[in-house]
Amino acid sequence: IDYLVKTQPNFKTTFLEESFMGLSIVLHKIWSWAIVLFGVVVYWQIKRKVGKGNLLKAQTAILLIWAIQFVTGLSNLWFALPTVSQLIHIVLGSVLFGIQMYICIAFYNKYKEG
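Position labels on residues start from 1 in each chain and follow its written sequence. Under the rules for a predicted model, residues below a pLDDT of 70 receive no local features and side-chain atom pairs below 80 are neither given nor counted, while totals for whole chains, interfaces and linings still include all residues. By convention in this description, side-chain values take in all heavy atoms of the structure and omit both hydrogens and water.

## Some thoughts on the overall build of the chain
Move 1: Helix and strand assignments follow DSSP, with helices taken as H or I runs no shorter than four residues and strands as E runs no shorter than two, numbered in order from the N terminus. Each helix and strand counted, the chain has 5 helices and 0 strands in total.
Move 2: In sequence order, the secondary structure elements of the chain are arranged as α-α-α-α-α.
Move 3: Partly exposed residues are those whose accessible area sits between 20% and 50% of the maximum for their type, while under 20% is buried and over 50% is exposed, using a 1.4 Å probe and protein chains only. Taking all 114 residues of the chain together, the buried fraction comes to 27%.
Move 4: Areas reported as accessible are Shrake-Rupley estimates using a 1.4 Å probe. Residue values count occlusion only from the protein chains shown. As presented, the chain carries roughly 8,000 Å² of accessible surface, and 70% of it is formed by carbon and sulfur atoms.

## Points about a nonpolar patch on the surface
Move 1: Patch building starts from residues that exceed 30% relative accessible area and form no salt bridge, then joins like charges within 9 Å and nonpolar side chains (Val, Leu, Ile, Met, Phe, Trp, Tyr) within 5 Å. For this analysis, a salt bridge means a side-chain nitrogen from Lys or Arg found within 4 Å of a carboxyl oxygen belonging to Asp or Glu. Side chains of Leu-23, Val-26, Leu-27 and Ile-30 sit close together on the surface and give an oily, nonpolar patch of about 390 Å² of accessible area.
Move 2: Of note, Ile-30 is situated in helix α3 (residues 23-49).

## Considering the environment of Gly-39
Move 1: Along the chain, Gly-39 falls in helix α3.
Move 2: Gly-39 sits 24 residues away from Leu-63 along the chain, and the two C-alpha atoms are 8.4 Å apart.
Move 3: Any two residues whose heavy atoms approach within 4.5 Å are treated as being in contact. Once residues lying within four places of it in the same chain are set aside, the contact partners of Gly-39 are Gln-59 and Trp-66.

This is how it looks when you write it as structure tokens:
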């Protein structure tokens, strides 16, 4: 994004032109849907094999984070990358990764034991 802001004079106007971002925005969208699909599979596996508990609570938190990520992502596109929206989107993306790693490790250890 920083590169595009510096090199494209009309990049940051009232909304983002997706054509400026080219393949990177397409890959970003594909990757995000792959993460959502993976998360749904993990959610159903946890619910089926583990039941209620901390893992299910953590996965439910992920659903909320995804909703916020979606809203901030749209905000970034529609309002030309507002700083607050960028910050929330990036920080929650990192938090999301951390929670998902916790879930995968904890689920693996629980499934391996039982």
